[in-house]
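Descriptive structure summary
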Amino acid sequence: QVQLVQSGGEVKKPGASVKVSCKASGFTLSDYNYFMFWVRQAPGQGLEWMGTISPRSGSANYAPKFQDRVALTSDTSTDTVYMELTRLRSEDTAFYYCARTLSSGYYYGDFWGQGTLVTVSS
Amino acid sequence: ETVLMQSPATLSLSPGERATLSCRASQSVGSNYFAWYQQKPGQAPRLLIYGTSSRATGIPDRFSGSGSGTDFTLTINTLEPEDFAFYFCQQYESSPLTFGGGTKVEIK
């Protein structure tokens, strides 16, 4: 069955960077039918899309809010995608989720990772 | 950016009742490009509905979606104890992808 397993929680200081991984099983990231996106959820808040990546090609598009601070990458040899967020600030404290979506333009998330809590604190 | 406003913020109902959740978009969204998710505390979102009215795999038929243009609805017929949770809508027609602020369905 499809599973997305994310890396564990992180505690970072303001100004640092964080890199969260998301390992897929039950399907392969080389499959051209699938993209992956990342969203975040601050405590008690709603969901905020950060960006979407085509794991097969490595190309990504980002939400304007995160354009200059986020990078999505993929390693199809290990079926893993990564989200790196730089220049962290306290407002970046949130759960970060990866999700599988379709490459056909219907970008809903049909399977989700368990979430990774990133805490930014001095 | 398409802003999605969900109402009500909280819905207090008893098991067995019907829940009607609303999501209003700031601009028209094509019916193929609208989804609903359920999220329970400490868990990731779970896809319920995509394409406005198509149920995701394994979703019971007491969940149904409807709507068009700027107004979309998620209906849960005969609430079960496991249905008390948060619900989010999403549009995926235009970038950036956007989500509503959520509706909490709580036990009355």
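Bear in mind that the values here come from a model prediction, so they are computed numbers and not experimental data.

Definitions and cut-offs
- Residues numbered from 1 in each chain as written.
- Chains lettered and ligands numbered in written order.
- Predicted model: local features only at pLDDT ≥ 70, side-chain atom pairs only at ≥ 80, totals over all residues.
- Heavy atoms only, no water.
- Disulfide = S-S within 2.5 Å.
- Helix = DSSP H or I, 4+ residues; strand = E, 2+ residues; numbered from the N terminus.
- Buried < 20%, exposed > 50% of the residue type's maximum accessible area, 1.4 Å probe, protein only.
- Pairing = 2+ DSSP bridges.
- Axes fitted to C-alpha atoms, helices over the stretch in contact; angles between N-to-C directions.
- Salt bridge = Lys/Arg side-chain N within 4 Å of Asp/Glu carboxyl O.

Our focus in this paragraph is the state of the cysteines. Residue and element names in this part refer to chain A. Using the criterion set out here, one finds two disulfides over all chains in the structure. The disulfide bridge from cysteine 22 ends at cysteine 98, spanning 2.0 Å between sulfur atoms. The sign of the S-S torsion, about 75 degrees, decides the handedness of the disulfide formed by cysteine 22 and cysteine 98: right-handed. Note that cysteine 22 is positioned in strand 3 (residues 18-25) and cysteine 98 in strand 9 (residues 94-102), a separation of 76 residues in sequence. Judged on exposure class, the residue cysteine 22 and its partner cysteine 98 are both buried.

For the rest of this paragraph, the subject is the sheet that holds strand 3 (residues 19-29) of chain B. Two pairing modes exist for strands in a sheet, parallel and antiparallel, and in both the strands are linked by backbone hydrogen bonds. All names here are of chain B. Reading across the sheet, the three strands line up as 1-3-7 and stay open at both edges, with antiparallel pairing between neighbours. Edge positions in the open sheet fall to strand 1 (4-7) and strand 7 (63-76), since each of these has one partner strand only. This sheet shows a mean twist of 20 degrees between the axes of neighbouring strands, independent of strand direction. In the sheet, strand 1 pairs with strand 3 via four bridges, with the strands oriented antiparallel. Following the sheet pairing, leucine 4 is matched in strand 3 by alanine 25.

Let us now look at the pattern of salt bridges. Inspection of every chain in the model, using the stated rule, returns 11 salt bridges over all chains. Of the charged contacts, one joins aspartate 83 of chain B and arginine 62 of chain B as a salt bridge, the two residues approaching to 2.8 Å between their closest N and O atoms. A residue pair is termed long-range when its members are at least 10 positions apart, and aspartate 83 of chain B in the loop between strand 7 and strand 8 (86-91) and arginine 62 of chain B in the loop between strand 6 (54-55) and strand 7 qualify at 21 residues. Residue class for aspartate 83 of chain B comes out buried when judged on its relative accessible area of 1%. Using a relative accessible area of 16% as the deciding quantity, one classes arginine 62 of chain B as buried. Three or more residues are tied together by salt bridges with common partners; here these are Arg40, Glu48, Lys65, Arg69 and Asp92 of chain A.

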